[in-house]
Number of protein chains: 2
Amino acid sequence: MTHFSALSARLRFVLVRTSQPGNIGAAARAIRTMGFARLVLVAPQRYPDPEATAFAAGASGVLADAVVVPDLRSAIGDCQAVYGATARQRAVALQEFTPREVVMPVQTAAQSGGEVAIVFGNERTGLENDELALCHGAVHIPAAADYSSLNLAQAVQVLAYELRMGFLGNPTAPPPHRTDPPASAEQMEGFFAHLYAALYDIDFHKGRSPETIMLRLRKLFLRAQPDERELRVLRGILADAQRMARLARGDRK
Amino acid sequence: MTHFSALSARLRFVLVRTSQPGNIGAAARAIRTMGFARLVLVAPQRYPDPEATAFAAGASGVLADAVVVPDLRSAIGDCQAVYGATARQRAVALQEFTPREVVMPVQTAAQSGGEVAIVFGNERTGLENDELALCHGAVHIPAAADYSSLNLAQAVQVLAYELRMGFLGNPTAPPPHRTDPPASAEQMEGFFAHLYAALYDIDFHKGRSPETIMLRLRKLFLRAQPDERELRVLRGILADAQRMARLARGDRK
C-alpha cells in the first residue's frame with residue numbers, strides 16, 4: 001500500500017443535510033478524482049436519487065459505498081480530527097485554517113493512525129453551531145469578499161485537491177518530453193557562426209553594426225534551448241538562404 | 001486598484017466547444033468566487049441556455065460579460081501567455097505545469113501588463129492538437145491514475161483557486177478570536193499550585209507519587225493555553241471540590 005493510499009484510507013468527507021442530490025454525486029466524483037473514496041451523508045434531503053448517480057459520472061462506486069447516518073455525531077464518533085467547512089465570521093472561536101493549512105494537521109492525524117473527517121454543511125445554511133461545536137477546527141476557502149459562496153461540490157473539490165497535493169508532497173510536473181538530446185554549447189556556437197555568416201550573405205545588416213542584433217539573436221536562441229535536430233533544421237534553413245544568395249549574385253556553387 | 005484586482009483583470013478563462021451549458025454556468029460561478037470575471041466561450045454547443053444561468057447562481061454578471069467567438073485564435077490573439085488544460089500523455093512536447101506551478105508564469109506575464117488565458121477543452125475530448133499548438137504550456141491537475149476525469153467546471157474551480165492563492169501570496173487564516181487575554185506564566189503557576197493542593201484535598205493520589213500525574217496535567221493545561229477567564233472557571237471548580245472535601249472531613253469552613 002502506497003503512502004498516499006494509507007493516508008487517504010483514513011479520510012472521510014461528510015456532507016450534512018445536503019439539499020441537492022446532484023451535489024452529492026458531484027462531490028463523490030470530486031473526491032474520487034483526487035484518490036479519495038469515503039463519503040458519509042448525514043440526513044441528506046433526497047438520497048438515493050437518479051440525479052446523484054448522474055452527477056457522479058463514473059464515481060458510482062463512491063456512492064455505492066457511501067454511509068448514510070441521521071446525525072453528525074454518528075458520522076464522526078470514531079474520528080480523531082474533525083474539520084468543518086465554514087464561511088467566515090462565525091460566532092464560534094474555533095481555530096481556523098485555509099485548505100492549505102489544514103493539510104498538516106490532517107496528515108499528522110492520519111499518519112498516526114487516526115480517522116479524519118472534513119465536514120460540509122447544507123448548501124444554503126452551512127453547518128449549525130452545534131455541529132461546528134463537534135469540530136476541532138474550521139476550514140475556510142479564501143474567496144472573493146463580495147461573492148464567497150462556492151457551490152458545495154466545488155468546495156469539496158478544492159479541499160480534496162489540496163489534501164491530495166499535500167499527501168503527495170506537492171508533486172511537480174515532469175519536464176517536457178524531448179526525444180533528441182539538447183545541443184551542446186559547442187554546437188550552439190557552430191550555429192551562431194553559421195547564422196552570422198548567413199546574415200551577411202543575405203545582406204541583412206545593410207551596413208549597420210551587427211553586434212546588437214547578434215546579441216539579441218543569441219539570447220533568443222539560447223533561451224529556446226534547441227536540441228540537435230532543431231539545430232539541424234535551422235542550419236538547413238540558413239544553408240538554403242545562403243544558396244539563394246549565391247545564385248542571386250550569379251555564382252554557380 | 002489592489003494588486004490582486006490588477007492581476008485578475010488580465011486573466012481570462014476560455015472554454016472551448018463546451019457541450020453542457022450547466023458546465024458553463026458552473027464555471028462562471030467558479031471563477032467569480034475566486035475573484036475573476038472574464039470568460040470566453042469558443043463555439044459553445046448550446047449557449048445562451050437557461051441551464052447555464054441556473055448553474056451560474058449569482059454569477060450571472062460573468063455570463064452577461066462573457067465573449068462568444070467561433071475559434072480559439074479569436075479568443076487568445078491578444079494574449080501573451082496561453083496555458084491549455086490537459087489530461088496527461090499527450091503527443092505534444094509542450095512544457096507541462098501543475099496548477100500550482102503555472103501560477104508563477106501567469107503572474108509574471110500579468111505583472112508585466114500581459115493578457116493571460118487558461119484554456120479548457122470539450123468535456124469528453126479536451127483540446128484538439130491544433131488548439132494545444134496555440135498554447136505556451138499545458139496545465140495538468142494531479143489526479144488519481146485510475147479516475148483522472150474531473151468535471152470541467154471543477155477543473156476550472158481548481159485552477160481559479162490556485163491562481164487566487166498565488167496572486168494573494170498564499171494567504172493564511174487569522175488566529176482564533178479570543179476575547180480574554182491569555183493567562184500569564186505566573187497565573188498558570190498559581191493554577192497549578194491550586195490544582196496540586198486540590199488533588200491532595202480530594203485524596204486523588206491515594207498514596208501514589210504525584211509527580212507523574214502533575215507533569216501530565218501541566219502538559220495538558222499548558223497545551224490548552226487557557227485565558228484568564230478560563231483559569232477563573234477552572235480554579236472555581238477546584239475551590240468547590242476543595243469545599244466538598246472539607247465538608248466531607250467534617251470541617252466547617
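Report follows, based on the coordinates. Residue numbers restart at each chain and count upward from 1, following the sequence in its written direction. Numbering of ligands from 1 and lettering of chains from A proceed in the order in which they are written. At least 70 in pLDDT is required for a residue's local features to be given in this predicted model, at least 80 for side-chain atom pairs to be given and counted, and no such filter applies to totals for whole chains, interfaces and linings, which use all residues. Side-chain figures throughout are based on the complete set of non-hydrogen atoms in the structure, without hydrogens or water.

### A few points about helix 8 (residues 152-167) of chain A
All names here are of chain A.
Next, step 1: Helix numbering and strand numbering both begin at the N terminus, where a helix is a DSSP run of H or I of at least 4 residues and a strand a DSSP run of E of at least 2. To estimate how far a helix should reach, multiply one less than its number of residues by 1.5 Å. Counted at 1.5 Å a residue, the expected span for helix 8 with its 16 residues is 22 Å, and the 23 Å between its end C-alpha atoms agrees.
Next, step 2: The classification of residues rests on relative accessible area computed with a 1.4 Å probe and restricted to protein chains. Under 20% of the type maximum is buried, over 50% is exposed, and intermediate values are partly exposed. Among the 16 residues of helix 8, 16 are classified as buried, and the element is accordingly described as predominantly covered.
Next, step 3: For this analysis, a polar contact is any N or O atom pair within 3.5 Å, provided that within protein one partner can donate a hydrogen and the other can accept it, and provided that sequence-adjacent residues contribute only side-chain to side-chain pairs. With a side-chain oxygen lying 2.9 Å from the backbone nitrogen of Ala153, the N-terminal cap of helix 8 falls on Asn151.
Next, step 4: Gly169 lies just past helix 8 and shows a positive phi near 70 degrees.

### Points about the environment of B:Tyr161
Next, step 1: Relative to the helices and strands, B:Tyr161 is located in helix 8 (residues 152-167).
Next, step 2: For B:Tyr161, a relative accessible area of 0% puts it in the buried group.
Next, step 3: Setting aside residues no more than four positions away along its own chain, B:Tyr161 makes contact with A:Pro99, A:Arg100, A:Ile141, A:Pro142, A:Val158, A:Tyr161, A:Glu162 and B:Met34. What makes two residues a contact is simply this: any of their non-hydrogen atoms within 4.5 Å.

### Concerning the pairing of strand 6 (residues 116-120) of chain A
All names here are of chain A.
Next, step 1: Among the five residues that make up strand 6, five are buried, leaving the element largely enclosed by the rest of the structure.
Next, step 2: Going residue by residue along strand 6, you find Val116, Ile118 and Phe120 tucked away on one face and Ala117 and Val119 tucked away on the opposite face as well.
Next, step 3: Strand pairing is defined by DSSP finding a minimum of two bridges between the two strands. As judged from the five bridges shared by strand 1 (residues 11-16) and strand 6, these two strands associate in the parallel manner. Bridge pairing in strand 6 places Arg12 opposite Ala117.

### Digging into the sheet that holds strand 3 (residues 67-69) of chain A
All names here are of chain A.
Next, step 1: Spatially, the seven strands line up as an open sheet ordered 3-2-1-6-4-7-5, and their pairing is parallel. In the strand order of this sheet, the two ends are held by strand 3 and strand 5 (96-97), each with one partner.
Next, step 2: As defined by bridge partners, strand 4 (residues 81-85) adjoins strand 6 across four bridges and the pair is classed as parallel. Considered in strand 6, the bridge of Val82 is made with Ala117.

### So, the relation of the copies chain A and chain B
Next, step 1: In screw terms, the move from chain A to chain B is a rotation of 180 degrees and a rise of 0.1 Å along the axis, fitting with an RMSD of 0.2 Å. Taken together, the rotation and translation describe the operation of a two-fold axis.
Next, step 2: Looking at the interface residues of chain A, 100% of them are also at the interface in chain B, so both copies use one shared face. Copy-to-copy alignment: least squares on C-alpha atoms, limited to residues at pLDDT 70 or above in both.

### Here we look at the sheet that holds strand 3 (residues 67-69) of chain B
Next, step 1: Reading across from one edge, 3-2-1-6-4-7-5 (chain B) is the order of the seven strands in this open sheet, with parallel pairing throughout. The sheet is open, and its two borders are formed by strand 3 and strand 5 (96-97) of chain B, each paired with just one other strand.

### Here we look at the nonpolar core
Next, step 1: The definition of a nonpolar core used throughout is a set of buried Ala, Val, Leu, Ile, Met, Phe, Trp, Tyr and Cys residues joined through side-chain atoms within 4.5 Å. If you look at the biggest cluster of nonpolar residues, it comprises 97 residues, and the most contacted ones within it are A:Phe13, A:Phe36, A:Leu39, B:Phe13, B:Phe36, B:Leu39 and B:Phe120.
Next, step 2: Non-local contacts of B:Phe120, meaning those with residues more than four positions away in its chain, are made with B:Phe13, B:Val14, B:Leu15, B:Val16, B:Ala85, B:Leu127, B:Leu152, B:Ala155, B:Val156 and B:Leu159.

### With respect to the interface of chain A and chain B
Next, step 1: With 46 residues of chain A at the contact, the number on the chain B side is 46 residues.
Next, step 2: Here's the idea: put two parts together, see how much 1.4 Å probe accessible area each one loses, and the total over both is what we call buried area. Of the roughly 3,600 Å² buried at the junction of chain A and chain B (both faces included), carbon and sulfur atoms supply 56%.
Next, step 3: Contact with chain B buries area across many residues of chain A, yet A:Arg100, A:Tyr147 and A:Tyr161 alone supply 19% of it, more than any other trio.
Next, step 4: By salt bridge we mean one thing: a side-chain nitrogen of Lys or Arg within 4 Å of a carboxyl oxygen of Asp or Glu. Summed over the shared surface of chain A and chain B, the number is four salt bridges.
Next, step 5: One salt bridge in this structure joins A:Arg32 and B:Asp146, with 2.8 Å as the shortest N-O distance.
Next, step 6: If you look at where chain A meets chain B, you find 24 residue pairs in polar contact (both at pLDDT 80 or more).

### Here we look at the packing of aromatic side chains
All names here are of chain A.
Next, step 1: Paired rings are identified among Phe, Tyr and Trp, the last through its six-membered ring, by centres lying within 6.5 Å, and are further divided according to the angle between planes into stacked (under 30 degrees), edge-to-face (over 60) and tilted (the rest). By the definition in use, this model includes 17 aromatic pairs over all chains.
Next, step 2: Judged by centre distance (5.0 Å) and plane angle (75 degrees), the rings of Phe191 and Phe221 are edge-to-face. Taken together, the residues span a long stretch of sequence, with Phe191 in helix 9 (residues 185-201) and Phe221 in helix 10 (residues 211-224) at a distance of 30 residues. Here Phe191 and Phe221 have matching classes, each one buried.

### Brief notes about the side chain of A:Ser8
All names here are of chain A.
Next, step 1: For Ser8, the location among the structural elements is in helix 1 (residues 3-8).
Next, step 2: Judged by relative accessible area, Ser8 falls into the buried class, the value being 8%.
Next, step 3: Only 3.2 Å separates the side chain of Ser8 from the backbone oxygen of Ser5, close enough to count as a polar contact.
Next, step 4: Not counting the four nearest positions on each side in its chain, Ser8 is found in contact with Gly35, Phe36 and Phe167.

### Focus: the packing of helix 2 (residues 21-33) of chain B against helix 8 of chain B
Residue and element names in this part refer to chain B.
Next, step 1: Structural elements are reduced to axes, namely lines fitted to C-alpha atoms, with helices fitted over the stretch in contact, and the angle between N-to-C directions of any two is expressed from 0 to 180 degrees. Direction vectors running N to C along helix 2 and helix 8 enclose 15 degrees, while the axes themselves pass 8 Å from each other. Between helix 2 and helix 8, the crossing angle belongs to the class labelled roughly parallel. Judged by the sense of rotation from one axis to the other, the crossing of helix 2 with helix 8 is right-handed. Here Asn23, Ala26, Ala27, Ala30, Ile31 and Thr33 of helix 2 lie close against helix 8, whose contacting residues are Leu152, Ala153, Val156, Gln157 and Ala160.
Next, step 2: Side-chain classes are defined by residue name, with Ala, Val, Leu, Ile, Met, Phe, Trp, Tyr, Cys and Pro counting as nonpolar, Asp, Glu, Lys and Arg as charged, and the others, Gly among them, as polar. Looking at the contact of helix 2 with helix 8 residue by residue, the classes come out as eight nonpolar, three polar and no charged. An angle below 35 degrees is treated as roughly parallel, one above 145 as roughly antiparallel, one from 65 to 115 as roughly perpendicular, and anything else as oblique. Here a crossing is called left-handed whenever its near helix is offset anticlockwise from the far helix by less than a right angle, and right-handed whenever the offset is clockwise.

### Points about the pattern of salt bridges
All names here are of chain B.
Next, step 1: Going through the model one piece at a time under the given rule, you end up with 28 salt bridges over all chains.
Next, step 2: Between Glu115 and Arg10 there is a salt bridge, with the nearest N and O atoms lying 3.4 Å from each other. One end of the pair, Glu115, is in the loop between helix 6 (99-111) and strand 6 (116-120); the other, Arg10, is in the loop between helix 1 (3-8) and strand 1 (11-16), with 105 residues separating them in the sequence.
Next, step 3: Judged by relative accessible area, Glu115 falls into the buried class, the value being 15%.
Next, step 4: With a relative accessible area of 28%, Arg10 lands in the partly exposed category.
Next, step 5: A salt bridge links Arg38 to Glu115; the shortest N-O distance between them is 2.8 Å. With a gap of 77 residues between them, Arg38 in the loop between helix 2 and strand 2 (39-42) and Glu115 in the loop between helix 6 and strand 6 connect regions that are remote in the sequence.

### Some words on unusual backbone geometry
Next, step 1: That bond from A:Tyr47 to A:Pro48 is cis: its omega, -5 degrees, falls within 30 degrees of zero.
Next, step 2: Secondary-structure assignment places A:Pro48 in the loop between strand 2 (39-42) and helix 3 (50-56).
Next, step 3: One non-glycine residue, B:Lys206, lies in the positive phi region at around 50 degrees.
Next, step 4: Looking at where B:Lys206 falls in the secondary structure, it is placed in the loop between helix 9 (185-201) and helix 10 (211-224).
Next, step 5: Taking relative accessible area as the criterion, B:Lys206 reaches 56% and is therefore assigned exposed.
Next, step 6: For B:Gln225, which is not glycine, the phi torsion reads 45 degrees and is therefore positive.
Next, step 7: Relative accessible area serves as the criterion here: at 55%, B:Gln225 is assigned to the exposed category.

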